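Each chain, written out:
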Amino acid sequence: YFLGSNTYYLMVRGASPTFRCEVDEVLDAAADLGVTVLRTWAFSDGAGEWRALQRAPGVYDEATFRGLGAFSSDWFPYDRAGKRGIRLLVAFANYWQHYGGADAYNRWSFLAGEGRCDGELACRDDFFSDPYARRLYKNHVAAVIGRVNTFTGVRYRDDPAIFGWNLMNEPRSTKDLTSLEYNVSSNTGDALQAWIEEMTPHVKSLDPNHLLTVGSESFFGPSSPLYLYANPGPWAQLEGVDFVRNHAVPGIDFATMHVYVDQWLCVERGATKTEKLNYTERWLRAHVQDADKLGKPLVVEEFGKSTPSSRITVGRGLQPGERVHGGPGDFYVRDEFFESVYRIVEKSKRDGGSGQGTNFW
């Protein structure tokens, strides 16, 4: 069991002399809180990205690559991470456009005269079925796993500071979305599933030493018809994600789930603080039950809650009754939400269930 957090920016911050001190501050704060796993990115794709890691296919910025070694790099002596007891959960790529994402791979494929998608949102899901884009992704995975730390001489595949890998941050795919009669839609999720089944043995062939997971939000799909009610809305089962099917792939060592009630729920389902807390508990318990059946550990890999002073307070943001302003009270709603997540996961662990870890955002 572990307590963790998301600190996606470690690599790009660590690559900059101006911001390098922030990485040290994050490590110290994490150690003080008892955090033992930090989830972060091993991607920044495209020359236009700030502190790009992969400026072009297979062309890497050495300074940024060193920044990935926030736990064991030239700038952060190797034993400092060990003394803190912190390990790294690393994502190879992003589904979203931030830091390049799948759009960058599609654009590179298009520019090479191979793919049809020029990097636009409308064709993003071509990434999962484009042979050239998939090959570029595999090459990037190999570059990260095979990276030799210039200070320690240890490859990341052998690095004890690495906890595990994410295939991608929050992959979705509407590639198989079809419209049926009477305005009913369906999505088998076959394209995403095939991609997971292809990439999992690829990663394991390069690194059999570390844990691997998908990095998914884990909406329920056709393989869990009894749990479709727990999805944040009918739209979720059309995203091509299938919690059980995606994580049942051999080589996927543990399951993940994310939860963002302020962004996911419509006003009708999340109009009050109580409704949001109730939904969160249903969502967590449904995943714990399905992960128990799956026989794999479950990590609540991302969860977060808006506060009144945060930027995310419009649309499906905070509702009346949640607006507690000023000082420590600003975080009261968030504290209740976090406590709910921790309580359910910890109970699962105590009962011998699948709940094994949490990473707050």
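Residues numbered from 1 in each chain as written. Predicted model: local features only at pLDDT ≥ 70, side-chain atom pairs only at ≥ 80, totals over all residues. Heavy atoms only, no water.

Under an unreviewed UniProt entry, the name given to the chain is mannan endo-1,4-beta-mannosidase, and the source organism is Micromonas pusilla. Quoted verbatim from the Subcellular location (unreviewed entry) field of UniProt, the annotation for the chain is "Secreted". UniProt's Sequence similarities (unreviewed entry) comment on the chain is quoted here verbatim: "Belongs to the glycosyl hydrolase 5 (cellulase A) family." (UniProt positions renumbered as here; feature names shortened; annotations may be inferred.)

By size, the foremost hydrophobic cluster in this structure holds 80 residues, and its most contacted members are Phe-127, Tyr-137, Trp-165, Leu-167, Trp-195 and Trp-283. In terms of residue count, helix α10 (residues 273-294) provides more of this core than any other element does, 8 residues in total. Excluding its chain neighbours within four sequence positions, the residues that come into contact with Phe-127 are Ala-102, Tyr-105, Asn-106, Ala-133, Arg-134, Tyr-137, Met-168 and Trp-195. Within the second largest apolar cluster, 6 residues are counted, among which are Phe-2, Leu-89, Phe-254 and Val-299. (Core = buried A, V, L, I, M, F, W, Y, C linked by side-chain atoms within 4.5 Å. Buried < 20%, exposed > 50% of the residue type's maximum accessible area, 1.4 Å probe, protein only. Helix = DSSP H or I, 4+ residues; strand = E, 2+ residues; numbered from the N terminus. Contact = heavy atoms within 4.5 Å.)

Here the focus is the pairing of strand β1 (residues 2-6). For β1, a buried count of 4 out of 5 residues is recorded, marking the element as mostly surrounded by other parts of the structure. Here 4 bridges tie β1 to strand β12 (residues 355-360), and the two strands are oriented parallel to one another. Paired with Ser-5 across the strands is Phe-360, a residue of β12. Relative to strand β2 (residues 37-41), β1 is paired through 3 bridges, and the arrangement is parallel. Bridging from a neighbouring strand, Asn-6 pairs with Arg-39 of β2. (Pairing = 2+ DSSP bridges.)

Quick reminder: α-helices carry 3.6 residues per turn. Residues three or four places apart thus point the same way. The terminal C-alpha atoms of helix α6 (residues 131-145) lie 21 Å apart, and with 15 residues this matches the ideal 21 Å at 1.5 Å per residue to within 8%. What α6 keeps buried is the set Ala-133, Arg-134, Leu-136, Tyr-137, His-140, Val-141, Val-144 and Ile-145. Across the axial projection of α6, the buried residues extend over an arc of 170 degrees, all falling on one side. Against β3 (54-56), β4 (59-60), α3 (62-67), α5 (101-111), β6 (162-166) and α7 (190-206) lie the buried residues of α6. (Expected span 1.5 Å × (residues − 1). Arc of directions from axis to C-beta.)

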